[in-house]
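Breakdown of the fold
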Amino acid sequence: MQAARLWILCFLAADFLKAAAKWTVDDILLAETVSQARLSRDGKLLVYVKSQMDVEKGVSISNLYLRNLAEDFEVQLTRGKDNHASPQFSPDGRRIAFLSSRKPSDSASETGPAGEPRTGMQVWMIDTRGGEAYAVTKFEKGVRGFGWLDNDSLLLLAEEDASWHEQQLKERKDTSQVVEDERHAAAVRLFRFNLKSRQSSRLTNNNDRISRVSVSPNGTWAVTVHDQSLSYVWDQTVPPVTYLQDLKNGSSKQLFAGQRLLPRQIEWRMDEKAFYFSAPYSSHPRYLHASIEKLYQYEVATGQTTEIALDWERGLGPGIAVTADGFLAALADGVRPKLARYRWVNGAWRREFLQGEHVSNIFSLELAGDQLVYRYSTASTPDQWYAAKLNGAVIEAPKQIITLNSSWKKKPIARSEIIRWKGAKDEEVEGLLYYPHNFQPGTKYPLVVMIHGGPHGADFDLFADRWTYPVQLFAQRGAFILKPNYHGSSNYGLKWGESISGGNYNELEWIDVETGVDSLIARGLVDREKLGVMGWSNGSIITIELTTRTTRYRAASAGAGDVNWISDWGNCEFGHSFDDYYLGKTPLEDPQLYIKKSPLFRMDRVRTPTIIFFGTEDRQVPTEQGWQHYRALKHLGKTDVRFILFPGEAHGPRKYVHQRRKVEEELAWFDKYLFGAPADSNEFLRQESPLSALLKRRLLSEIPDTVARGDIEIGRFEVTRAQFRAFDPSYPVAPGAEQYPANGISFEQAKKYCEWLSAKTGKKYRLGTEEELGPLLAARKEENTLDHWAGYTVNPDDAIRLASLLESLGPGALLKPVGSFPGTGQEPAFDLGGNVAEWVVGADGTGKVLGGSADRPADAKSGLRPRPDYTGFRVVREP
């Protein structure tokens, strides 16, 4: 009972501070993101991909936008519910080619030569000066990548059409799968595509699979990376090979033979004489799981490969952008990249660190001449995009050009800081600390540790709220959040990354977490009795390990985490290479080591209530791991456990409904076991139902209940007669009518009520504006409108004919208690489409009546005004 009271008080405090700005699950899941930003060669145009979850389709969709930086305007190039990606300007900047999942308008394009439906994405084209986008390619299995050769031709990367073997399987409807079937694996090759004739010609006859291609600026050369083995991910035995393709004469040349160089980012110099490429480096003779990125230059004329001396122990970070005299590099440096400009001067590379606004937190950049476009973010600043000029090593005159997630502006965002503490082996660990939204110095708060995956990954000082780690939703509940970059994380140098390999896996990481938690307790910030931990993938693995090492965590969430390393070795798609590298041996060589490392055999120690999440098609951490985890805890019966499976999902849920279920289940779990929240309402009660409204009406007080709608909070119900009588004792209320909406209210009376309520509560209440409530207050025939009472869809003429009958019933006779009809929204509001019409403040400051009413039809075109006895209002509450 005391815990429940503490929970309520905590939420009341947070509510008082940020009343109209609560974060919802949809705020996180429906966030807008920008990626794949590309500048035209003259730096005047920018094309980018904006992605957002589409609730109706159930998955994320992406569309292209074009911004004219010279004239400062923007247009949306694609629309609809398809995905569009990889935009590239033609050399002259007049057209943009891109990949799209959209189906072409002509039905003949939807099937391949064998009559089967085309799959994959195709190349589409759009003119930068206007016009419709149109399909360009019709490859049976789609196009995987492309580059411009000149203004009239493209280089395509595509899988060959179905072989006779594949056609036979389809004809027999045989969906059997042969694992790692090298003999029948389709080749992925290069094709030249002529945009005028719409004809393609094969450029390579390789029998392997090209996975990456980079075309030189004038279409003379292409670098291709070829996968040689279908089992390479599992064992890293037969590595990919790299070729330089001469696109003029059709010859090719293998690069880096006998060298351990696997190109990742490939960037050509504008003169085509050389290209830069990054490649992972590890001290291990075979595996590349923990590594640093080194940068190299390959000279076409001499065939010489040279490592570029970055003079930076932690290696390359997010990548490079080519300049006329060298390149910009984002260097790995913990939670923030370190930006530097490298110039080739007098036979040596000269480095200058970049200066200017935002320079410490630039995580993506694109450069054309001196025109710079970049993504700026901090852990407490949501992503925004800027354009600026690069003057030497100085970023000048930054201007925001893309605004994302504008609805977040009025929401509280957790304060954050970079912290360091002594971890395992007494070595310094770095991490991010987020503060509760309602933080007050001198008060101790719960702590939730959110552990990143990898292990060779990292958390950065950027805004990263997602379904995996919804920071704001936990900070809103009054918790600190700790994100530790434990031993083995990337961006801290090779020694740190490799520190957990060779049998040290899960020997250091959990200690780093524990010491980080202890440091926050020692600072007097965290309540040692209210600790929670969560993670996905490797973050889940560390979470599980912690639950077997200590009982002090009150709640745990484990998403796609291993418990049995013996089965992981064979079932995981990278099982052998990962396990042999990090554990030091295979289970065939040392089965006892694998048993020792597996938390499955220590489940009897677990006392932390644990919720488990898995996709049924996960091959990175196979679903069987979740079953073993769940069965062990359930069988032992020493703590509560819940297991949620997402059908058809792989290593992370992509579908909206599954992401939402994950976050809501997780929050409910932590509410129950960490925050001590009162038990949820009956799960069989639909929250927007009239029954739910009836239950809520029983709790109504003189103060109207409010719910979030975008950037404001509105009354859950229309102001009731009982609530209005508290303001005006002379207002007549018949016995039993207390919960009917106050009606016959004038605009001035409604405003005075809000003033009275503000003075009474110390909070700011007012009427909503037409701009705020206009989109919400729309008559609906499913609610209390004349359509409901007449039993049919009433048109304006019928409404006039029925008027005399309504008058004979007396004032407000058709009104019902508030919430008598189904509400709308996750936190439902009721009667937005009927009962009484509602006063709002118009654009000119005068009163205006909006919404449906019981005496008028739902038809928005009727133009009939509600009678005064069917006019009321609801309140809006400000932060």
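Only a predicted model underlies this, so the values are computations on that prediction, with no experimental measurement involved. (Residues numbered from 1 in each chain as written. Predicted model: local features only at pLDDT ≥ 70, side-chain atom pairs only at ≥ 80, totals over all residues. Heavy atoms only, no water.)

Time to look at the overall build of the protein. Along its length, the protein carries 19 helices and 43 strands. Taking 29 Å as the expected radius of gyration for a compact globule of 879 residues, we find that the protein reaches 31 Å, a close match to that expectation. Taking all 879 residues of the protein together, the buried fraction comes to 56%. When contacts within the protein are restricted to residue pairs at least 6 apart in sequence, long-range pairs at least 24 apart make up 60% of them. When the accessible surface of the protein is totalled, it reaches about 38300 Å², and 49% of it is carbon and sulfur. Both charge centroids of the protein, one from 109 positive and one from 112 negative side chains, sit 2 Å from each other. (Helix = DSSP H or I, 4+ residues; strand = E, 2+ residues; numbered from the N terminus. Rg over C-alpha atoms; globule rule 2.2 N^0.38 Å. Buried < 20%, exposed > 50% of the residue type's maximum accessible area, 1.4 Å probe, protein only. Contact = heavy atoms within 4.5 Å. Areas by Shrake-Rupley, 256 points an atom, 1.4 Å probe, with all protein chains shown as cover. Lys, Arg positive; Asp, Glu negative; His and termini not counted. Charge placed at Lys NZ, Arg CZ, Asp CG, Glu CD.)

Scanning all chains against the criterion turns up 54 aromatic pairs. Residues Tyr435 and Phe439 carry aromatic rings whose centres are separated by 5.0 Å and whose planes lie at 80 degrees to one another, so their mutual orientation is edge-to-face. Across the pair, exposure class does not vary: Tyr435 and Phe439 are buried alike. With a centroid separation of 5.7 Å and 50 degrees between ring planes, the pair formed by Phe574 and Phe578 is classed as tilted. Residue classification places Phe578 among the buried positions, given a relative accessible area of 7%. Joined through ring pairs, the aromatic side chains of Tyr287, Tyr505, Trp565, Phe574, Phe578, Tyr581 and Tyr582 make up one cluster. One cation-aromatic arrangement involves Lys50 over Tyr65; the distance from NZ or CZ to the ring centre is 4.7 Å. (Phe/Tyr/Trp six-rings, centres within 6.5 Å; stacked < 30°, edge-to-face > 60°. Lys NZ or Arg CZ within 6 Å of the ring centre and 35° of its normal.)

Here helix 13 (residues 656-673) contains 18 residues, and its C-alpha end-to-end distance of 26 Å stays within 8% of the 26 Å for a straight helix at 1.5 Å per residue. Burial analysis of helix 13 places 13 of its 18 residues in the buried class, which makes it a mostly covered element. (Expected span 1.5 Å × (residues − 1).)

Here the focus is the pattern of salt bridges. Scanning all chains against the criterion turns up 56 salt bridges. In this structure, Asp590 engages Lys585 in a salt bridge whose closest nitrogen and oxygen atoms are separated by 3.5 Å. A salt bridge links Arg877 to Glu713; the nearest nitrogen and oxygen atoms lie 3.2 Å apart. Of this pair, Arg877 sits in strand 43 (residues 876-877) while Glu713 sits in strand 38 (residues 712-715), placing them 164 residues apart in sequence. (Salt bridge = Lys/Arg side-chain N within 4 Å of Asp/Glu carboxyl O.)

Let us now look at the nonpolar core. Grouped together as the largest cluster of nonpolar side chains are 81 residues, with contacts concentrated most on Leu447, Val448, Phe474, Phe480 and Phe670. Among all residues touching Phe670, those that are not within four sequence positions of it are Val448, Phe474, Gly532, Val533, Met534, Ala555, Ala556, Ser557 and Phe675. Judged by nonpolar contacts, the second largest core, of 18 residues, contains Val719, Ile745, Ala750 and Leu767. (Core = buried A, V, L, I, M, F, W, Y, C linked by side-chain atoms within 4.5 Å.)

Now for unusual backbone geometry. Working note: non-glycine residues mostly have negative phi, and peptide bonds are mostly trans. The omega angle of the peptide bond from Gly454 to Pro455 is 5 degrees, so this bond is cis rather than trans. A positive phi angle, near 60 degrees, is found at Asp426, a position not held by glycine. When you line up the elements, Asp426 lands in the loop between strand 29 (416-422) and strand 30 (428-434). The phi dihedral of Ala560 is positive, around 55 degrees, even though this residue is not glycine. Summarising the element assignment, Ala560 is placed in the loop between strand 34 (553-559) and helix 9 (565-571).

Moving on to the sheet that holds strand 42 (residues 871-872). Taken together, the three strands give an open sheet; going across it, the order is 41-40-42, and neighbouring strands pair in mixed fashion. Bordering the open sheet on either side are strand 41 (847-850) and strand 42, each of which pairs with just one other strand. (Pairing = 2+ DSSP bridges.)

Quick look at the sheet that holds strand 43 now. The pairing of strands in a sheet happens through backbone hydrogen bonds and is either parallel or antiparallel. Read from one edge of the open sheet, four strands run 37-38-43-39, paired in antiparallel fashion. Across the chains shown, the open sheet's two edge strands, defined by having one partner strand only, are strand 37 (706-709) and strand 39 (765-766).

What follows covers the confidence of the model for the protein. Averaged over every residue, the pLDDT of the protein is 93; residues scoring 70 or more account for 95%. This stretch, residues 1-20, has a pLDDT under 50; its non-local contacts, to residues over four places away or in other chains, come to 34 contacts. (pLDDT = per-residue confidence, 0-100.)

Right, let's get into the pairing of strand 37. Both strand 37 and strand 38 contribute to a ladder of four bridges, which runs antiparallel. If you follow Thr706 over to strand 38, its bridge partner there is Gly715.

Before going further, it helps to examine the side chain of Ser598. Examined against the element boundaries, Ser598 turns out to sit in the loop between helix 11 (591-597) and strand 35 (610-615). Side-chain polar atoms of Ser598 contact the backbone oxygen of Tyr594, separated by 2.6 Å. If sequence neighbours within four positions are ignored, Ser598 has contacts with Val563, Asn564, Trp565 and Ile566. (Polar contact = N/O pair within 3.5 Å; in protein donor to acceptor, adjacent residues only side chain to side chain.)

Mapping Gln384 onto the fold places it in strand 27 (residues 381-391). Accessibility expressed as a relative area gives 13% for Gln384, which makes it buried. Looking at Gln384, its side chain comes within polar contact range of the side chain of Gln400, at 3.2 Å. A distance of 3.0 Å separates a polar side-chain atom of Gln384 from the backbone nitrogen of Leu404. When residues no more than four places from it in sequence are discounted, the contact partners of Gln384 are Tyr374, Arg375, Tyr376, Gln400, Ile402, Thr403 and Leu404.

Side chains of Ile566, Ile595 and Phe601 sit close together on the surface and give an oily, nonpolar patch of about 230 Å² of accessible area. Inspection of the secondary structure assignment puts Ile566 in helix 9. (Patch = residues over 30% accessible without salt bridge, like charges linked within 9 Å, V, L, I, M, F, W, Y side chains within 5 Å.)

Our focus in this paragraph is the packing of helix 7 (residues 509-522) against helix 8 (residues 538-549). As a packed pair, helix 7 and helix 8 sit with axes 9 Å apart at the nearest point and diverge in direction by 70 degrees. In terms of their interaxial angle, helix 7 and helix 8 are classed as roughly perpendicular. Across the interface between the two elements, Glu509, Trp510, Val513 and Glu514 of helix 7 pack against Ile542, Glu545, Leu546 and Arg549 of helix 8. (Axes fitted to C-alpha atoms, helices over the stretch in contact; angles between N-to-C directions. Parallel < 35°, antiparallel > 145°, perpendicular 65-115°, else oblique.)

In this section: helix 10 (residues 575-583). Within helix 10, nine of the nine residues are buried, leaving the element largely enclosed by the surrounding structure. What helix 10 keeps buried is the set Gly575, His576, Ser577, Phe578, Asp579, Asp580, Tyr581, Tyr582 and Leu583. Elements in contact with the buried residues of helix 10: helix 4 (232-235), helix 6 (494-498), helix 8, helix 9 and helix 11. Looking at the residues trailing helix 10, positive phi occurs at Gly584, about 95 degrees.

Right, let's get into the environment of Phe727. Structurally, Phe727 can be placed in helix 15 (residues 721-727). The spacing of Phe727 and Glu702 is 25 residues in sequence and 9.0 Å in space, taken between C-alpha atoms. If sequence neighbours within four positions are ignored, Phe727 has contacts with Gln749, Lys752, Tyr753 and Trp756.

Attention now moves to the environment of Ala479. Looking at where Ala479 falls in the secondary structure, it is placed in the loop between helix 5 (471-475) and strand 32 (480-485). The exposure class of Ala479 is buried, given its relative accessible area of 0%. Ala479 sits 358 residues away from Met121 along the chain, and the two C-alpha atoms are 43 Å apart.

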